[in-house]
Amino acid sequence: MARNVFGAFSVSILPAIVAAQASGTLPTAYTLPGVFPTSVYAAYYNDPTATTAEPQPIITDPVTHEVYPYWLTNPETIPQLDTYEAHPLPPPAAGSQLLQYAIQQITTIANSSVFAGDSCAACLAGLEVAKFLALAAPEQGPSLAVALCEAFDYSSDCATEYSVYDLGTPITQVIAYADVGGYDGQVICQRYFSMCTDPGTSPLDLTNWFAKPKPNPLPPPKQPTGERLKVLHMSDLHIDPRYTIGAEANCTNYLCCRPGVYNSDSPNVTVQPAPRYGAYYCDAPFTLILAALQAVPVLTGTEEYGFNFTIYTGDLVSHDPDQELSRAYTVYSETVLYDLLKRQINSGPVYAVMGNHDTYNEAQNSPYDIDPSITGQFNWDYDHLASLWEIEGWLSAETAQQARTHYSAYSVQRTDGLRIITVNTDFWYTANYYNYMNLSSSDNSGMLRFLTDELQDAEDAGDRAWILGHVPTGWDGTNALKNPSNLFYQIVDRYSPHVIAAIFFGHDHEDELSIFYANNATSISAEDALTASWIMPSVTPLTNLNSGFRMYEVDSGTFEVLDAYTWYADVNAFGALDGQTEFGPTYELEYSTREAYGASIEWGSNDPLNATWWHLVTEAMEANSTLVELFNTYQGKSSVRSPACTGECITAKICYMRSGSAPIAAANCPSGYGSVQ
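Residues numbered from 1 in each chain as written. Predicted model: local features only at pLDDT ≥ 70, side-chain atom pairs only at ≥ 80, totals over all residues. Heavy atoms only, no water.

## Some details on the pattern of salt bridges
Overall, the coordinates contain 18 salt bridges when judged by the stated rule. A salt bridge links Arg-258 to Asp-320; the nearest nitrogen and oxygen atoms lie 2.8 Å apart. One end of the pair, Arg-258, is in the loop between strand S1 (228-234) and helix H9 (286-300); the other, Asp-320, is in the loop between strand S2 (309-312) and helix H10 (327-344), with 62 residues separating them in the sequence. When its relative accessible area of 8% is taken as the criterion, Arg-258 is described as buried. (Salt bridge = Lys/Arg side-chain N within 4 Å of Asp/Glu carboxyl O. Helix = DSSP H or I, 4+ residues; strand = E, 2+ residues; numbered from the N terminus. Buried < 20%, exposed > 50% of the residue type's maximum accessible area, 1.4 Å probe, protein only.)

Spelled out as structure tokens, the structure:
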């Protein structure tokens, strides 16, 4: 239509205009006046008659009745960003909306064909979505954990295990602060979901870690005095004040010996009533705890003079499901057991460490460099433990204060030349979710910085040192994270053998040992063996183990172990003790370490059972596998339920004894033979 009109105009009007111009009726050109027609507008912001600037009329909008400002068109004040007008964004989503979005997105990622060939990328992408929710609506983090647990069938009781009252809280914190798209996320996806390959041990830069290089040559070794100190070692008492005599002791899902538990093959009839003194699938009742403590002074010959000192390598609380635990239950167990230890045994000073069960939630400890609002969220436990140790007279007020501010870790410089250094090993334990934040640093908590500084002080002072912890760094490599256990190994290498006389752990409930070698065990030989970690068997029978304790004979000059004596009680016999009160459990000597393993080794009767000796034991095991079978028996404290060790298990056990860190165990050893439970 427009084209037709224009065409008609061109045909009908244009000839008339041309004719008029030709006749002189219309001019052929028109020159405008040079002065701006100021009458067009009533008012101006500038002088409209000036020839050096664009006229700026004052314009009023007939719709809004607003006058447009001068700066809007003034070439000297052209706005660079429109900050004065609304730019609408979507309204903030409620936390519940963000939760539904996160669930939808993670589910989509899991089912997307884009990620079908890369499960690791899918897992990392899902963690990024979870991180966004944890930061934007942290109160929804536990709900996301529950929803995803249910969606992917991760547990049979997701609503309980991952609620805000259980693991949902620490998980939300960790996801919020972890590098979920990097190394942290890869380890999380590998360990918890098997969706990434193991990213391996991060490169370790020790350039500025140590204040001084290792002395070369080493200082002259301390000379033995011939005086033997008696040192008691106990671990993993795991008292169960909720133990129920007569309840099912052979339940399908532990913890057994509790009301309501049952054997799925016989849900209505108790298969094995819980004996008064304990059972293999149960933690230790009061009766077993007291029996062990009362047997100690009699069997060790310390009734009159007592021990020179005692070490306790952690775990006091029973193995309840997380939803049955609390702060109150934790500090109750701490109070009861340290009191009994003080009153039942002439123990001398007790140097104790926190175990993974001695906190709530179980195994959780957060680093001090987390968000300031939650930095002190576990101080309640550190304060309580330090106060108990001070009240019992085992630590000075100054040392107790150090424990309060160092995750319960402390250092004691004894007057006899021995320095006791304790560490909170939850900071390398795989089950502590907080370890998956900044994991590539190897020491996000600063715990290993503390250990290094204390060892340097010991070296400077000419002291020997014992390191006490709970979770072993090595053995089969299943309990410690690779990065921190690798750093621990390098620290041990730096300060051994001249400073570190021995290392002591617990946790596994089994009788084990690991040797540390020079140069990260690149050469495994007697010449390169530096020090050994003694892994203490438990008092609790859980699981399928007998109950035990140990005494060391230690030279008072070198502070090296000269012999170790281990006693045990046969839990399999406890059922026969019911129905009478004349007899309780019998603890008996299981073995002397020197006598059990040293027959084929040329070694002086007063020479220490040090790392060199233990390496020679492993060589004897290679030549005679019956020694490994003996070690396997003692590992379970002579339990009738310990499986035999044959075939590849023989090689594996020797390898575990030569593995002081998780990376070394992973690189060198067959897996699957670490436990006799």
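Still more ground to cover, so stick around.
## Looking at the side chain of Asn-263
Considering the arrangement of structural elements, one finds Asn-263 in the loop between S1 and H9. In this structure Asn-263 comes out as buried when scored by relative accessible area, which is 9%. Within the local environment of Asn-263, its side chain forms a polar contact with the backbone nitrogen of Asp-265, the two atoms lying 2.9 Å apart. (Polar contact = N/O pair within 3.5 Å; in protein donor to acceptor, adjacent residues only side chain to side chain.)

## Quick notes on a nonpolar patch on the surface
A cluster of nonpolar side chains, namely Val-40, Tyr-41, Ile-59, Tyr-68, Trp-71, Leu-72 and Tyr-84, defines an oily patch on the protein surface of about 620 Å² accessible area. Here Val-40 shows up in the loop between helix H2 (14-23) and helix H3 (95-111). (Patch = residues over 30% accessible without salt bridge, like charges linked within 9 Å, V, L, I, M, F, W, Y side chains within 5 Å. Areas by Shrake-Rupley, 256 points an atom, 1.4 Å probe, with all protein chains shown as cover.)

## Some points on the sheet that holds strand S3 (residues 350-352)
Pairing is mixed across the open sheet formed by 6 strands, whose spatial order is S3-S2-S1-S10-S11-S12. Among the strands making up the open sheet, the edge pair consists of S3 and strand S12 (587-592). On average, each strand axis in the sheet is tilted by 25° relative to the strand beside it, whichever way the strands run. Of the pairings in the sheet, the one linking S2 to S3 comprises 3 bridges and is parallel in character. Opposite Thr-310, over in S3, you have Val-350 as the bridge partner. Against the sheet, H9 makes contact with S1, strand S10 (547-555), strand S11 (561-569) and S12, and its axis sits at roughly 30° relative to S10, the strand it touches most. (Pairing = 2+ DSSP bridges. Axes fitted to C-alpha atoms, helices over the stretch in contact; angles between N-to-C directions. Contact = heavy atoms within 4.5 Å.)

## A short note on the nonpolar core
Counting residues in hydrophobic clusters, the biggest one holds 179 residues, and the most contacted among them are Met-234, Tyr-338, Leu-455, Trp-466, Phe-488, Tyr-597 and Trp-614. Of the residues forming this core, the biggest block, 9 residues, is contributed by helix H4 (residues 119-136). For Trp-466, the residues in contact, after removing those within four places along its chain, are Val-231, Phe-309, Ile-311, Leu-418, Arg-419, Ile-420, Ile-421, Ala-501, Ala-502, Phe-504, Val-554 and Phe-559. Ranked by size, the runner-up nonpolar core spans 8 residues in total, among them Ala-249, Cys-251, Ala-274 and Cys-282. (Core = buried A, V, L, I, M, F, W, Y, C linked by side-chain atoms within 4.5 Å.)

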